[in-house]
Amino acid sequence: MRRADRLFQIIQVLRRTRKPLTAEAIARELETSKRTIYRDIATLIGQRVPIRGEAGTGYVLEKGFDMPPLMLTPDEIEAAVLGAQWVAGRADPVLAKAAQDLIAKIVDTVPERLQPLALEPASGTPPKWDLPPESIDMTQLRAHIYASKKILLHYRDEQGRDTERTVWPIAVGYLETVRMLAAWCELRKDFRSFRIDRMTEALFLDEKYPERRAALRAKWMQSFSLNNVRER
């Protein structure tokens, strides 16, 4: 690995964690020696990269440091394109178009020698789903998740029974062939998951739910994964 690439990778490794990382841990990941990592970190600090810490205790990259957004490695380009392909084939039309635009931006931004990684990637995703269009506004659904606002759902279960639920939306998840909304259900007073294709109508309320979104999401993640939250 060239030294310039290794310096970049050290910053990337430190960006991934908030806990101090020892030179030994960094060296193990980059397959080099601790002595080399000590020298490289001294170089980065000398270039005013805000790394704090010392040998033996570990190093942390302080907040506020950033690099040009598309200094991507070949593996990062392939990962980004693979993810964007998946979204383009499975998300709602707005996100699908955004994924296609992302691939185009990657192609336009990375050096010419790396463009084939985005235009002709070695990895690919299965064919896109053939799903009926949603009966609800997915863009508004995501906006309500971010805004911590309630939604009144009209929902039809697998037996064809219609119910009405006021929910606190948490996240949209993508399973094998369906999209799901994870939410706190006021009727059940518990976490539930709702299939997007069974929502016949959604009224997006202005009322915020009484809990912080981050706290609600943390409780949901502690209690259930999206795959085992009970439907309805």
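Residues numbered from 1 in each chain as written. Predicted model: local features only at pLDDT ≥ 70, side-chain atom pairs only at ≥ 80, totals over all residues. Heavy atoms only, no water.

**Q** Go over the pairing of strand β6 (residues 190–195) with me, naming the residues and quoting the values.
**A** Burial runs high along β6: five of the six residues are buried. Alignment of strand β5 (residues 179–185) against β6, held across six bridges, turns out to be antiparallel. Paired with C185 across the bridge in β6 is D190. In this antiparallel pair of consecutive strands, β5 and β6, the connection spans four residues, and K189 shows a positive phi of 50°. (Buried < 20%, exposed > 50% of the residue type's maximum accessible area, 1.4 Å probe, protein only. Helix = DSSP H or I, 4+ residues; strand = E, 2+ residues; numbered from the N terminus. Pairing = 2+ DSSP bridges.)

**Q** Would you mind going over the UniProt feature "domain: Helix-turn-helix type" (unreviewed entry) in the protein chain in detail, with residue names and values included?
**A** Residues given the UniProt feature "domain: Helix-turn-helix type" (unreviewed entry) here are residues 6–59. The span residues 6–59 shows a helical share of 57% and a strand share of 11%, and its end C-alpha atoms are spaced 16 Å apart. (UniProt positions renumbered as here; feature names shortened; annotations may be inferred.)

**Q** Break down the packing of aromatic side chains for me, citing the residues and quoting the values.
**A** What describes a pair of aromatic rings is the distance from one ring centre to the other and the angle between the planes of the rings. Within this structure, the stated rule accounts for five aromatic pairs. Note on W86 and Y174: the rings are 5.7 Å apart at their centroids and 80° apart in plane angle, and the pair reads as edge-to-face. Separated by 88 residues along the polypeptide, W86 in helix α4 (residues 74–90) and Y174 in strand β4 (residues 162–174) bring together distant segments of the chain. Seen from their ring centres, W168 and Y209 are 5.3 Å apart, and the 10° between their planes marks the pair as stacked. Of this pair, W168 sits in strand β4 while Y209 sits in the loop between β7 (199–208) and α8 (213–223), and the two are 41 residues apart along the sequence. (Phe/Tyr/Trp six-rings, centres within 6.5 Å; stacked < 30°, edge-to-face > 60°.)

**Q** Describe in detail the packing of α4 against helix α5 (residues 93–109), supporting the description with residues and values.
**A** Close contact between α4 and α5 brings their axes to 8 Å; oriented N to C, the two are set at 155°. When the interaxial angle is binned, α4 and α5 end up roughly antiparallel. The interaxial crossing formed by α4 with α5 has left-handed handedness. On α5, the residues touching I77, A80, V81, A84, Q85, V87 and A88 of α4 are L95, A96, A99, Q100, L102, I103 and I106. A breakdown of the residues in the contact of α4 with α5 according to their chemical character gives twelve nonpolar, two polar and no charged. (Axes fitted to C-alpha atoms, helices over the stretch in contact; angles between N-to-C directions. Parallel < 35°, antiparallel > 145°, perpendicular 65-115°, else oblique. Left-handed = near helix turned anticlockwise from the far one by under 90°. Contact = heavy atoms within 4.5 Å. Nonpolar A, V, L, I, M, F, W, Y, C, P; charged D, E, K, R; others polar.)

**Q** Would you mind going over the pattern of salt bridges in detail, with residue names and values included?
**A** Should their charged atoms come close, side chains of opposite charge can pair. Here the structure, examined in full by the defined rule, presents 14 salt bridges. D40 is paired through a salt bridge with R6; the nearest N and O atoms lie 2.4 Å apart. In this pair, D40 sits in helix α3 (residues 34–46) while R6 sits in helix α1 (residues 3–15), placing the two residues 34 residues apart along the sequence. Take D40 and R6: they sit in the same class, and that class is buried. (Salt bridge = Lys/Arg side-chain N within 4 Å of Asp/Glu carboxyl O.)

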